[in-house]
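Residue-level structural notes
Chain residues, written in single-letter form:
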Amino acid sequence: MTSTACFIIVSRNDIPIYEAEREDAAQLHQFILHAALDIVQDLAWTTSAMFLKAIDKFNDLMVSVYVTAGHTRFMLLHDSRNEDGIKSFFQEVHELYIKILLNPLYLPGSRITSSHFDTKVRALARKCL
Amino acid sequence: MADPANTPLGKMLLEEITPVVMVLSTQLVEQACLKNGISFVQMLSPFCDFTNIDVPVRTASDQPYRLRKFKLRFLYSSDVRQPNLEVAKERLKQVITHAGEKNFLESSEPSQFNDILSRPESEILPSWFQFFNKELVRTLSFSDHEAFDHPVACLLVVSSKDDGPINRFVDLFNTNKLPSLINDGAMDPKILKHYLLVHDNQDGPLDKATKLLAEMRNAFGQNDCQIICINSSQNGNIQHQDNPWALFKPDALPTENLGGFPNLDDLNEIKDFLQELSSKHIIPYMEQKIRVLNQQVSATRKGFRNQIKNLWWRKGKDETIDTPNGPVYTFNSIESQIRILGDYAFMLGDYEFALSNYRLISTDYKIDKAWKRYAGVQEMMGLTNFMLDQSRKDAEYCMENAFNTYLKLGSAGRRNATRCGLWWVEMLKTRDQFKEAATVYFRICGEDTLHSAVMLEQASFCYLLSKPPMLHKYGFHLVLSGDHYKKSDQIKHAIRTYRSAIPVYKGTTWSLIKDHVHFHIGQWYALLATYDVAVSHMLEVLASTCQSKSTQELFLRDFLQIVQKSGRTFEVVKLQLPVINISSLKVIFEDRRTNASSEAASVRESVWRSLEEDIIPSLSTSRSNWLDLQSKHIPRKYKESNICVAGEAIKVDIEFKNPLQIPISVSSVSLMCELSANPEEDANSSNIELPENESKTSTSTGDINSSLILSDVDFSLEGGETTLVQLTVTPRIEGILKIVGVKWKLSSSVVGLCNFESNPVNRRVVKGKRKAKHSPSNDLKFLVIKSTPRLEGFIHSLPKKTYAGDLRPLVLELSNQSKFPVKNLKMKISNRRFLYAGNQRELNVDFPACLKKVNVEKSGGHTNGNKMSQNVFHFPEDVSVQEETSLSWPLWFHAAVPGNIPLYITIYYETEGSSIMKYRTLRMHYNLQVLPSLDVSFELSARPSQSQEFLLRMDVVNKTSSECFQVHQLSSVGQHWDISLLQPVDSILPSQSLFAGQSLSCFFMLKDRRSSTSEDSTPPSLFQSDVRLGPRDSSEPPFDVSSSPLADFHDCERSCQGVSSQGYEYKVDFIFITQLPKGNIDSGARNTPLVLSHHACDCSLSSMSPISWVVDGPRTIQHNFSAPLCAVNLKMTITNSSGSVASVHINTFDSPSSNSQPKDDATASHPPENQTGWSDIPIASDTKIITNEALATRSSKSLSLESVPQFIWSGSSSTKLTLQPRSTSEIPLQICAFAPGIYDLSNYVLNWDLTPVNDEVNQGGGNKSSGSLQGHPYYLIVLEHT
């Protein structure tokens, strides 16, 4: 089992549009994820895969990233390896995210406030991670 | 790439890894040197760096090469040992603190990245890093696992003043004083010795010294002894250009004259001595040693045989002693010698040779598991590779290997790892691998937080310098470094790093990060007691909505603490707490339009404008008075600005929102205003009287206090709460008033200011829009004019909620608080069905008794009719509201229809005091909720035979849920109708009251009185236009529906229901009056009885035609049929009840064939098998009245089998006549009967056609303009006369 600290969706403009925290040391997690954006920037263009695996780490916390075609980044902060689970988690979240995008009332790049999305993501996290 | 030697790392290595010369000196030597403020080593130091010597060097290879740069390190023997850890740490801390102080003062506001990145690298990197790194590396010198710090030579220095210098020389090289390295056996004690005699020229001539030198040369050898002279200058005031010692004693005071005594000759002498020492002694000695060692090593280790042997016997070596830290090697072990060989070769710049030796030894150490030594050798291999600039990969691999190996050693190797890392970082930096360098810096971080902080900060700079710059990482590492600094109490450094991180996070939406940074900077500045900066940073986090409740509490608490500590009151322009919704800003002011209540102010201006249209003077007329005056007196600039009156409050509504989850308290909320004198009023000497102080501008705060009254509001907001606050400003003198903004106090410590102007949000200004194009600043600018009278208006006891039909008197109270009377009052009420002004004498009438009929006949019949016709109520000329009095005026109220009813009342009045404002209007607005009470409907049906009588059915349903209405009275309006009950009311409604949900049906007889009165002239007192439905026994008189207010309201109803007042001869209006004994609907909870009146207009028989007739004549005649024929004369009376001329055409027909003539649709129900004579005439649409006669017809139907008519119409078969409006005429009719029998004389048709007199007549809608009617049944019995 991966113990996940934080999941965040960052829009192409580097704005967090969705955050799911498990516990409270929130600002450190934000710092780590924010800093990892640099690495994502480097790596995203070197591969055609959307799942970039664990690209950065800080002490024992690792950052796994999934980049969608629209350059929205799903960033997961976790502390143990479970690459397959994380990959499937990202893929499922991607589907949910696409559904959000299909909503004509959702402005891409704005904050995701759907409680349904939140519930689904949390359920997925329990399932895959 | 540049020559490795010229890179920062190369320079560092050439500086740090150089031969060490151990100095042993006597006390007197030091004393001589101290005259100059420096020690002996310091005196030599400036001259031991040789940049342009040219020494041929031949090491292991036969090919000599030339050494161009060389450096010696002179150290006292006491310093040749591992530095004390604590002392070293303390020293490093001082370095950092010092740098912190210095940089903190220099640090400017964080600039933009473009600025930073455009600057050269050297400027970005703080210079003290270099210094710190050097110091850090130096703390690790003289480790026993490395040989390059081992002294190569020993310089023994004795002063010429010493007694027995020769003995002193011997004593100096005494083992007691020698460093532990030598004593431990890690270093060869047999090193090169050089003897130096120092002569202080101030102590005497040189002769004695030269003599001593000769003695020394005898004792220690010709070449190894030398003499130098110092302090040759007598006065000690020699100023050296670029003082060579300044660099080496940085902490010296600037006033101190370093090296004042040695003159130029002395300096040259020292220089020459050192040059000779290095080139003639040390370098050759090292060459020599290399060659010797190389031979030894070659003999034991080189060659195939030795290698095999080494592999074979390596394990079994017994020279080494196993310790927990790996084997200990003495200086004469072959491993140590190889290491020395490598180090010497490195120092002499023969890197390839050094590398081969390092390679050789590293495998040995690895096999021996001497990890520290192994790491050290790997480190050197890396450096050598770097200096060779050949294999980068190898260099990095070696460094990483060394670093990891050091780390594996645990805390023992930690500091070595740091040094190794630093070198590695430099190596990576040289190759522009900044990202990798940063990770190495990050790995250097150990348990020492202070060092980690510096390393992290350096790492952050690496990220900044990497291409492309990795700003996110830069920010993150700065913040990490700041945290470490804070942990080791370096607050200034912490603040500096955080501040550098601000540009990274500027404008970011990663709110937690932003809050963290600003909050900590704020806190730390507070620790430094720099409160204003602290506050400015804390302000950034105050309104952070995404934080948890506890964090928000923490932020707010800390913020308030800081503010308290500062002991000042801060005025903050952009205080985010609470949030002000600028778009909610609403300014309510009163110029000539005044509002009685705040509800009136919120009504749209267009509503009032349409209401006031015909009471205020029109524009053309008013131009001659106040507008003209205004344009004269008021500068053009302010023409469009709003006008307000001195002494009257301007209200500003604004919304405050608490974005946090915790409650906040806000106090002293008030407006910020500027009141200035009207700039052109002085010049324009007008008849406006200016106050004395008007001439000077009153923008200063002192004046504002006296001339403005500002309201002060305190409130507290729960988490997430929004509240609307009304603030007022009352100018007391004339001038120009400008509302600048709002200010408030948060938790009674911080003053927040919000400027309305600066916010480019559209404001809603309710009033005063004379022009569509309006600059927003003008909306908040007011021209204050002299105070004028202002009426306050209030309607007493106007219910908020009532039942439909409620009728009651109200009192309007107008009060004038000013010193001037007002006159010419006019009033207009929007909804006249509900409210109208009464007569002054009705003011104190007793209600509802005043509605009752009094004996005086026609007392007040339509007294107000005149007023009703026009919409504006003019108060009588003599009515005026005097100063400081009030006027009460009666109003009548009637809740006409259910629903939510807005009532707008505007009162116009003229004033005498002001010349700018001739008149003002007072606007009152009320909202009524009228609930349905009784549903009353009437139905009229005609009695066919009685043209003037009708049957009236009244249906009443109580629609309320709880109320019980007492039925009181039904009245018909006008004098034309008699109304009477068909059955006593007791039988229908014994209780006389209608309970909730109950319905009631009543039948009445209605008689048109006009037709009868014309003949009978019944006295009017006997008229029964009212029917009492209430209890019989009560003697109180019925309500008078023909007097005010019932009649007036009835007229309103009529006009509202769209009925013209003409032509209601057959249309009846009813007023149904009930009482509610205990009205509990009124919010006032007064159990006053309510009188409810329900008005129904134009009840008419739906099929009733304007033409009615009655056939009159004998009913039974006896005739002797022996006579030729029996003629019967009949009389038909035709009445035209319509308002227009009617032409009536009566057709009689006898034969069945004539039956086929066209019939009116209204009589289409006539049976097709219409027999002549005995026909059944069903009465259309009225099945209730089935007369006995009709029954008789039916029974006699069988009689009419014969087809021969028994009678014929004689006389004219067709008569045409014209009837004037509302007239009656008679025409004679005659029949001839041929046989006795009963005849129905209904076989005629009456065609009528109305010719309208004017257009209005036909607008009644229900009126038919033409029609044809079947004759009424008329039975004539003809008997055989015998």
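Residues numbered from 1 in each chain as written. Chains lettered and ligands numbered in written order. Predicted model: local features only at pLDDT ≥ 70, side-chain atom pairs only at ≥ 80, totals over all residues. Heavy atoms only, no water.

Here helix H23 (residues 531-542) of chain B contains twelve residues, and its C-alpha end-to-end distance of 16 Å stays within 8% of the 16 Å for a straight helix at 1.5 Å per residue. Summarising the contacts, the buried residues of H23(B) are in contact with helix H21 (491-505), helix H22 (511-527), helix H24 (549-566), strand E12 (570-572) and strand E21 (735-746) of chain B. (Helix = DSSP H or I, 4+ residues; strand = E, 2+ residues; numbered from the N terminus. Expected span 1.5 Å × (residues − 1). Contact = heavy atoms within 4.5 Å.)

Here we take up the packing of aromatic side chains. As enumerated under the stated definition, the model contains 31 aromatic pairs over all chains in all. Where Phe58(A) meets Phe442(B), the ring centres are 5.7 Å apart and the plane angle is 50 degrees; that geometry is what we call tilted. Here Phe442(B) lies in helix H18 (residues 434-444) and Phe58(A) lies in strand E3 (residues 51-58), a pairing that spans two chains. Judged by its relative accessible area of 10%, Phe58(A) is buried. Since its relative accessible area comes to 24%, Phe442(B) is described here as partly exposed. Taking 5.5 Å as the distance between ring centres and 80 degrees as the angle between the ring planes, the aromatic pair formed by Trp608(B) and Tyr904(B) counts as edge-to-face. You can see Trp608(B) sitting in helix H26 (residues 605-612) and its partner Tyr904(B) sitting in strand E32 (residues 899-911), a full 296 residues away along the chain. Pair check on accessibility: Trp608(B) and Tyr904(B) agree, each one buried. (Phe/Tyr/Trp six-rings, centres within 6.5 Å; stacked < 30°, edge-to-face > 60°. Buried < 20%, exposed > 50% of the residue type's maximum accessible area, 1.4 Å probe, protein only.)

Moving on, we get to the interface of chain A and chain B. Reports often express the size of an interface as the amount of accessible area lost when the parts come together. At the interface, 21 residues of chain A touch 18 residues of chain B. At the boundary of chain A with chain B, total buried surface from both sides reaches about 1900 Å², with 69% on carbon and sulfur atoms. Ranking the residues of chain A by area buried against chain B places Phe31(A), His34(A) and Asp38(A) at the top, with a combined share of 37%. Remark: the boundary between chain A and chain B carries two salt bridges. With a shortest N-O distance of 2.4 Å, Asp56(A) and Lys473(B) are connected by a salt bridge. (Buried area = accessible area lost by both parts, 1.4 Å probe. Salt bridge = Lys/Arg side-chain N within 4 Å of Asp/Glu carboxyl O.)

Turning our eyes to something else, we now look at the sheet that holds strand E1 (residues 20-25) of chain B. Residues and elements named next belong to chain B. Strand order in this open sheet of five strands is E6-E1-E7-E8-E9, and the pairing throughout is parallel. The sheet is open, and its two borders are formed by strand E6 (73-76) and strand E9 (225-230), each paired with just one other strand. Pairs of neighbouring strands in the sheet enclose a mean axial angle of 30 degrees, with direction left out of account. As paired elements, strand E7 (residues 151-159) and strand E8 (residues 192-200) share seven bridges and run parallel to each other. Of the residues in E8, the one forming a bridge with Ser 159 is Val 198. (Pairing = 2+ DSSP bridges. Axes fitted to C-alpha atoms, helices over the stretch in contact; angles between N-to-C directions.)

Glancing now at the packing of helix H7 (residues 128-138) of chain B against helix H17 (residues 411-430) of chain B. Residues and elements named next belong to chain B. One can describe the packing of H7 onto H17 by two numbers: an axis separation of 9 Å at closest approach and a directional angle of 140 degrees. In terms of their interaxial angle, H7 and H17 are classed as oblique. Considering how the two elements wind past one another, H7 and H17 form a crossing that is left-handed. In contact with Asn 133, Leu 136 and Val 137 of H7, H17 contributes Thr 418, Arg 419, Leu 422, Trp 423 and Glu 426. (Parallel < 35°, antiparallel > 145°, perpendicular 65-115°, else oblique. Left-handed = near helix turned anticlockwise from the far one by under 90°.)

Residues and elements named next belong to chain B. By the definition in use, this model includes 19 salt bridges over all chains. Between Glu 379 and Arg 419 there is a salt bridge, with the nearest N and O atoms lying 3.2 Å from each other. Here Arg 419 lies in helix H17 and Glu 379 lies in helix H15 (residues 371-388), a separation of 40 residues in the sequence. Residue Glu 379 shares its accessibility class with Arg 419, and that shared class is buried. One connected set of salt bridges, linked through shared partners, spans Glu 648, Arg 790, Glu 792 and Arg 920.

All names here are of chain B. With antiparallel pairing, the four strands of this open sheet are ordered in space as E43-E45-E49-E47. The sheet is open, and its two edges are formed by strand E43 (1107-1112) and strand E47 (1207-1210), each paired on a single side. Adjacent strand axes in the sheet meet at a mean angle of 30 degrees when their direction is disregarded. Pairing geometry for strand E45 (residues 1126-1136) and strand E49 (residues 1223-1233), over eleven bridges, is antiparallel. By the bridge assignment, Thr 1135 is partnered in E49 with Thr 1224.

Let us now look at the side chain of Arg73(A). All names here are of chain A. Its place among the elements puts Arg 73 in strand E5 (residues 73-78). From its side chain, Arg 73 meets the backbone oxygen of Ser 11 in a polar contact 2.7 Å long. Of note is the side chain of Arg 73, whose polar atom sits 2.9 Å from the side chain of Asp 14. (Polar contact = N/O pair within 3.5 Å; in protein donor to acceptor, adjacent residues only side chain to side chain.)

Residue and element names in this part refer to chain B. Phe 40 and Phe 74 are the most contacted members of the largest nonpolar core, which totals 239 residues. A total of twelve residues in this core trace back to one element, the largest contributor, which is helix H11 (residues 264-301). Every residue in contact with Phe 74, bar those within four places of it in the chain, is listed here: Val 21, Val 23, Val 41, Leu 44, Cys 48, Leu 155, Leu 274 and Leu 277. (Core = buried A, V, L, I, M, F, W, Y, C linked by side-chain atoms within 4.5 Å.)

Residues and elements named next belong to chain B. At their nearest, the axes of H7 and helix H19 (residues 449-465) sit 12 Å apart, and the two run at 135 degrees to each other. Relative to H19, H7 is oriented oblique. Judged by the twist between their axes, the crossing of H7 over H19 is left-handed. Each of Trp 128, Phe 129, Phe 132, Asn 133 and Leu 136 in H7 lies in contact with H19, whose residues at this interface are His 451, Val 454, Met 455, Glu 457, Gln 458 and Phe 461. Along the lines of polarity and charge, the residues of the contact of H7 with H19 split into seven nonpolar, three polar and one charged. (Nonpolar A, V, L, I, M, F, W, Y, C, P; charged D, E, K, R; others polar.)

Between Lys467(B) and the following residue, Pro468(B), the backbone shows a cis peptide bond with an omega angle of -5 degrees. The phi dihedral of Asn59(A) falls on the positive side, at around 50 degrees, and the residue is not glycine. With respect to the element layout, Asn59(A) can be found in the loop between E3 and strand E4 (61-67). Even without a glycine there, the phi angle at Asp432(B) is positive, about 65 degrees. Inspection of the secondary structure assignment puts Asp432(B) in the loop between H17 and H18.

Attention now goes to the confidence of the model for chain B. Keep in mind that low pLDDT regions are not for reading the predicted coordinates in detail. Residues and elements named next belong to chain B. Residue-level pLDDT values for chain B average 73, and 74% of them are 70 or greater. Low pLDDT, under 50, characterises residues 856-869; the stretch is placed with 26 contacts to residues that sit more than four places away or in other chains. Below a pLDDT of 50 lies the segment residues 1152-1202, which in the model reaches 48 contacts outside its immediate sequence neighbourhood of four places, other chains included. Confidence estimates for the predicted assembly give a pTM of 0.65 and an ipTM of 0.92. (pLDDT = per-residue confidence, 0-100.)

Turning next to the side chain of Lys429(B). Locating Lys429(B) in the fold gives a position in helix H17. Ignoring any residue separated from it by four or fewer positions in sequence, one finds Lys429(B) in contact with Leu125(B), Phe434(B), Ala437(B), Tyr441(B) and Cys462(B).

Further remarks concern helix H13 (residues 334-347) of chain B. Residues and elements named next belong to chain B. Along its 14 residues, H13 runs 20 Å from first to last C-alpha, staying within 8% of the 20 Å computed at 1.5 Å per residue. In terms of burial, H13 is a largely internal element, 14 of the 14 residues being buried. Immediately beyond the C-terminal end of H13, within one or two residues, lies Gly 349, with a positive phi of roughly 85 degrees.

Residue and element names in this part refer to chain B. Burial of strand E28 (residues 822-829) is extensive: six of the eight residues sit out of reach of the surface. Bridge count for E28 against E32 is six bridges, and the pairing is antiparallel. Among the inter-strand pairings, Lys 828 is bridged to a residue of E32, identified as Thr 906. Where E28 lies against strand E30 (residues 872-874), three bridges are found, and the strand directions are antiparallel. For Lys 826, the partnering residue across the bridge sits in E30 and is His 874.

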